[in-house]
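Here are the chains, one letter per residue:
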Amino acid sequence: MKKSLLLFMVVATIFSCGSTKTTGVSKKVMKGYWSLNSITYSESGEFNVNLLNDAEQACFEGSTWRFIPNNNTGNYTLSGMDCDSSVRNFVFSIQTIDKDTGLYDFMLKPTNAKHKSETNQGFRLKLAQLSESNMQWQQTVTLDDGKPFTIFMNFTKTSD
């Protein structure tokens, strides 16, 4: 009985350290500047999507993002004609793997310049892909007819 309890504790410790190490590595890879190159959808057609309760797709495509993992903060600037190009700040966290999808939960909360949330509203995304040069986020929302709809946000790293 003592051996099985000890074995369980060792296995639990290994798994808990493994996920922390993995999210730490992910944060290091995210560090730096990224460009949001394209936004695609799981369904075909024309959609009027307001991303992060901020702006439409056209303003987000080509936007620049900066991630500062040592304090879990960052910012982004929209691009495009008729888009507000002021800097938007946020805090973020990479959480453990979602058991249903196998992807990391990624939380992003808009803040002011002092990293305080004015609305206490955040967004849960899936960190579907992360490499030294590419990153993809997925956000699943519900359409008016109740069907799930996934938004794919594709980034390319521009510098550290």
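Everything discussed here concerns the structure shown above.
Quick summary incoming for the structure in this document.

What to know about the state of the cysteines
Right, on to step 1. Applying the stated criterion across every chain yields a total of 1 disulfide.
Right, on to step 2. Bridging Cys59 to Cys83, the disulfide has an S-S length of 2.0 Å. The S-S bond linking Cys59 to Cys83 shows a torsion near -80 degrees; that makes this disulfide left-handed. Placement of the pair is Cys59 in helix H2 (residues 57-60) and Cys83 in the loop between strand S5 (73-77) and strand S6 (87-97), with a sequence separation of 24 residues. Here Cys59 and Cys83 have matching classes, each one buried.

Structural notes on the pairing of strand S8 (residues 123-130)
Right, on to step 1. Judged from the 5 bridges that link them, strand S7 (residues 104-111) and S8 form a sheet pairing that is antiparallel. Its bridge partner being in S8, Tyr104 is matched across the sheet by Leu127.
Right, on to step 2. Here S8 runs beside strand S9 (residues 134-142); their pairing, made up of 4 bridges, is antiparallel. Each bridged residue has a counterpart across the sheet, and for Lys126 the counterpart in S9 is Gln138.
Right, on to step 3. Connecting S8 to the antiparallel partner S9 that follows it, the hairpin turn spans 3 residues.

Looking at the side chain of Lys126
Right, on to step 1. Relative to the elements of secondary structure, Lys126 occurs in strand S8.
Right, on to step 2. Take Lys126: its relative accessible area is 15%, and that puts it in the buried class.
Right, on to step 3. For Lys126, the side chain forms a polar contact with the side chain of Asp105, separated by 2.5 Å.
Right, on to step 4. Beyond its immediate stretch of four places on either side in the chain, Lys126 contacts Asp98, Thr101, Leu103, Tyr104, Asp105, Gln136, Trp137 and Gln138.

Analysis parameters
- Residues numbered from 1 in each chain as written.
- Predicted model: local features only at pLDDT ≥ 70, side-chain atom pairs only at ≥ 80, totals over all residues.
- Heavy atoms only, no water.
- Disulfide = S-S within 2.5 Å.
- Helix = DSSP H or I, 4+ residues; strand = E, 2+ residues; numbered from the N terminus.
- Buried < 20%, exposed > 50% of the residue type's maximum accessible area, 1.4 Å probe, protein only.
- Pairing = 2+ DSSP bridges.
- Polar contact = N/O pair within 3.5 Å; in protein donor to acceptor, adjacent residues only side chain to side chain.
- Contact = heavy atoms within 4.5 Å.

So yeah, pure geometry; function would need other evidence.
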